[in-house]
Amino acid sequence: MTLLGADEALVAEQEVPAGSTLGRYLLLKAGGALVSLAMVVVLGFFSFRILPGSDPAINLTRGRRVSAEEVDRLRVQFGLDQPLPVQFLRYVRDLFTGDLGYSYVYNQPVSGLILDRLGPTLLLTGTAAVISIVLGLWLGQRAAWKRGSWFDKVQTGLALTFWSVPTFWLGLLLLLLFAGGLRLFPAGGMMSPGTDATGIALVLDVAWHMVLPVLTIVAVVYAQYLMVMRASVLEEMTSDYLTTARAKGLTEDRVRTRHAVPNALLPTVTLVFLTLGGLVGGAVTVETVFSWPGLGYLTFQGLSAPDLPLLQGTFVVFSSIVIVMNFVADLVYRVLDPRLKAA
Amino acid sequence: MLRRLVGAGAALALALPLGLSVAAPPTASAAEGDLKVALTSDIDTLNPFLAILASSTGILRFQYESLVQYGKDNEVVPGLASEWETSPDGKTWTFTIPEDRKWSDGEPLTAEDAVWTFDAVKGQEALQQANGGLVTNVAEVAAPDPQTLVMTLNSAQAANPGAELPIVPEHVWADVDAATYANDTDTVGSGPFVITSYAQSQSVELKANPNFWRGAPSISGITYVSYKSTDAAVQALRTSEVDVVSGLTPAQFQSLDGQDGITTNSGAGRRYQAMAINPGAVDAEGKPLGNGNPALKDKVLREAIMTAIDNQTLLDRVLQGLGKPGQTEVPSVYPAYFGFAPGATPRTFDPAKANQMLDDAGYTKGADGMRTDKSGKPLELRLMGRNSDPTHQQLAEFIQPWLRDIGIAVEVSMVTPNQVNDDSTLGKYDLYFTGWGIGPDPDFQLSINRCDSRPNADGSGSTSESNWCDPAFDELYDAQHAELDPTKRAELVKQAFTMIHEAAVNDVLYYADSLEAYRSDKFTNFTQQPQEGGVITGQNGYWGFYDATPVGAGDAVSGNPAGGTPGWVLPVGIAVVVVAAVGVVLGLRRRSTSAADRE
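Criteria and cut-off values
Residues numbered from 1 in each chain as written. Chains lettered and ligands numbered in written order. Predicted model: local features only at pLDDT ≥ 70, side-chain atom pairs only at ≥ 80, totals over all residues. Heavy atoms only, no water. Domains from an automatic or database assignment. Contact = heavy atoms within 4.5 Å. Buried area = accessible area lost by both parts, 1.4 Å probe. Salt bridge = Lys/Arg side-chain N within 4 Å of Asp/Glu carboxyl O. Polar contact = N/O pair within 3.5 Å; in protein donor to acceptor, adjacent residues only side chain to side chain. Patch = residues over 30% accessible without salt bridge, like charges linked within 9 Å, V, L, I, M, F, W, Y side chains within 5 Å. Areas by Shrake-Rupley, 256 points an atom, 1.4 Å probe, with all protein chains shown as cover. Helix = DSSP H or I, 4+ residues; strand = E, 2+ residues; numbered from the N terminus. Pairing = 2+ DSSP bridges. Axes fitted to C-alpha atoms, helices over the stretch in contact; angles between N-to-C directions. Expected span 1.5 Å × (residues − 1). Bend = angle between axes of the 7 residues up to and from the residue. Buried < 20%, exposed > 50% of the residue type's maximum accessible area, 1.4 Å probe, protein only. Disulfide = S-S within 2.5 Å.

**A look at the domain arrangement of chain B**
Residue and element names in this part refer to chain B.
So, point 1. For chain B, the domain assignment lists domain 1 (70-173) and domain 2 (271-512).
So, point 2. Just the C-alpha atoms count here: the centres of domain 1 and domain 2 sit 36 Å apart.
So, point 3. Facing 13 residues of domain 1, the contacting portion of domain 2 comprises 10 residues.
So, point 4. Counting the surface lost from both domain 1 and domain 2, the interface buries some 750 Å², and carbon and sulfur atoms represent 66% of this.
So, point 5. Counting the contacts that link domain 1 with domain 2 gives zero salt bridges.
So, point 6. Across the domain 1-domain 2 interface, the total number found is one residue pair in polar contact (both at pLDDT 80 or more).

**Describing a nonpolar patch on the surface**
So, point 1. A cluster of nonpolar residues, Phe168, Trp169, Leu172 and Leu173 of chain A, forms a patch on the protein surface that exposes about 380 Å² of accessible area.
So, point 2. You can see Leu173 of chain A is positioned in helix α8 (residues 167-181).

**Remarks on the sheet that holds strand β13 (residues 271-277) of chain B**
By definition, the strands of a sheet pair up through backbone hydrogen bonds, in either a parallel or an antiparallel sense.
All names here are of chain B.
So, point 1. In spatial order, the strands read β14-β18-β13-β17-β15-β16; together these six strands make up an open sheet with mixed pairing. At either margin of the open sheet sits one strand with a lone partner, and together these are β14 (323-325) and β16 (409-415). Strand-to-strand twist of the sheet, defined as the mean angle between neighbouring strand axes without regard to direction, takes the value 30 degrees.
So, point 2. By the bridge criterion, seven bridges tie strand β15 (residues 380-386) to β16 in an arrangement that is parallel. Its bridge partner being in β16, Leu381 is matched across the sheet by Val410.
So, point 3. Contacting β13, β15, β16, β17 (431-437) and β18 (506-512), helix α11 (residues 390-405) runs over the sheet at an angle of about 170 degrees to β16.

**A word on helix α9 (residues 199-236) of chain A**
Residues and elements named next belong to chain A.
So, point 1. Helix length check: α9, at 38 residues, gives a terminal C-alpha distance of 46 Å against a target of 56 Å (1.5 Å per residue), a shortfall beyond 12%.
So, point 2. Along its length, α9 shows its largest kink, about 40 degrees, at Val211, and proline Pro213 lies within four residues downstream of that point.
So, point 3. Buried residues dominate α9, accounting for 28 of its 38 residues.

**Concerning the state of the cysteines**
Residues and elements named next belong to chain B.
So, point 1. For the structure shown, the criterion picks out one disulfide over all chains.
So, point 2. Covalently, Cys451 is tied to Cys469 through a disulfide, its sulfur atoms 2.0 Å apart. Here the S-S torsion is close to 90 degrees, and the disulfide linking Cys451 with Cys469 is therefore right-handed. Of this pair, Cys451 sits in the loop between α13 (443-447) and α14 (471-482) while Cys469 is found in the loop between α13 and α14, placing the two residues 18 residues apart along the sequence.
So, point 3. Given a relative accessible area of 32%, Cys469 falls into the partly exposed group.

Written out as structure tokens, the structure reads:
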């Protein structure tokens, strides 16, 4: 799972050139994002073609009696008989029409495969992200306000411990304990096999299946929000405006929630968007452990074939999500931070 | 601001599953009598013309009958055809399809359906992906009347040409594009079960076919449930989320053995596990291929290597004894073709003899006990295995010291399955672990040892098992291919496999058992294939689940029978929803009141 450190988020914040107008700023950021996207497309195309054993025509026909003509026919069918530049141009042209190619293994358009799996992945990572963010930010500001206390020590210690645990290991542990041992939760899947549940019963069934995978992601991910929020609140705590607020006779609680926390949230907003992108790709291991029918497992299948169009497709989609999220982070930060607007 | 975030977060968390549940695939209602089977590899497609993966073809075996079927002991038995007749020259096969055969939708099933299916595969390249090889020898298929099918072959063949090819209903497939038809909802079939719904990477549901000619099965249907690993599937079996799990490792198998309500089955598998020895690979045009150690062109060296490997120990230690020691490439599950030809003797583990053979052949031993090849270079070999298969690493850990004992240094490398495929095809190996799953008819396995099965220089073209070639073997292959007398054919087949053994190019180590487990507290009467010591899942047929029956309904109700949401989830879930909603409301209220006393 790729996690961005807090300092990386801060670096992103400093890249903003002073004195630019909003329009120029937008243009700059959008341009950067587009260049990144173009790089992803190029890399996605060429990198998977230098993989060993990446001739799909040979891979697909292995273990069966086929003539050389049949293999050649497959190559023509996949467009592999064309020179690489021609293949690349076709690939780019198709991308613009939303066509990510045709999966060799599933005999289906890649875009359809990805769309089918995007829902479950977003449901899983979205829920986990919301819980991690809320939990991390809340615990973070609490810990900062009582810095040095037992609460602070226990919370940061716990969070950092979970952060350093390998995701798949934690997932397997939860699976063995809560599914196999205690039998409280299912061992995998998104809903009970062959369920005819609808409405609220279906929602609860899905929620019941989500508990363990979401718990796994949250445990590993929330620490970074906690740490950034904690650092950010600590920084605000020395500010003069808090003294002013206290001088007005506001309660300590009010000073924290109305004055310190809103200001401290700024740096975390960027972090939230930066990590959201990574979370989608990071779900691969959790999805595999809990048999979640999402993009992660699709990628895994693509790798074991190997299924070039499928791999290219998931690579482009994963990367695009990260790039778009980074772009959104830049925009949101610009909107939220009055100092940047004034500049 | 934080509260607003909390509120929004809670709302989002609640709304997400609601929103997505609309998009969730509709699943047909699963009766309690459905057998739930864990599926640990994904399905490529349920289109029988395109499906290649074993998981898919295994499911399709329940859906479509072939003209003839493999019986409970792997013998050829009636399928759609009740009788068949072979002309004396072996080139014309006549099948009789009884009048009462019906498709699952009630339409009559006739010879026309079979003709349409054969012609579709023969006529359209796109439909040859899965079964093209089955029709290459078929010249013409005709239906002189609805109950008679006449198949003319290009050359005589002993293997029944009506086996394996799934016959599809013309009245469904003629109206769709057979090359792209998904065939995953409301399908029509002729076997004991018919696919009713499919949610990719989640589940496949099959319902009992009331029109199945042998009679409807006792269970109402089968639901295949996807698990990404056998570890997860084993947990699901323990919690009764599924009823059948297969593909277990010896450790998983032993952990389930003796558990309440669970029965384990160690069935004779149809795969052989071998170590191939590169005899000096050449391509289809006879040019050298790859970079195998030239010393291995010497048969004596290859025989010495095989003599220094103890198959029984590998079986006992790597498989915990769950298998049979290896002989030829036909596993013991097929007794007709299993074993050596009369007169041939198996090699026995004898390091002293192996050492003597190498001494006599002129591989001199240095002071360190290691040998040099005949040109004086140190005798060093590479051994390649798949990093996805833990048994390969374990095998290597035994074989490396055994070969060191006879003075041969071995460098072990575990690489990706694709790397093994590529390097072995291109002859870039000295030793590597290989193995094939063998069908009831040995013809294909023999064919990939023919001289003309050697690949092209780029690795394309035919598949060769060991890149070995002997014209005498090709003659034996041709003879058995056309021999219609089963006894005579079996003799020829054994002779041919014995020849591969004696050439010392492929050391068959063992036949691993297929390890399965099922909830015997919920289902019983699974049929093994073969009936004595055979497998339940992954059969050459549909017997395993066809005869299965639910255990008395009263026993199954206790606990959490269907593996569905347990009772506590609903009240607890509702409580969580209510608490979250109250939290959102409170959060919003506090926000609005606080605006008033803002400084």
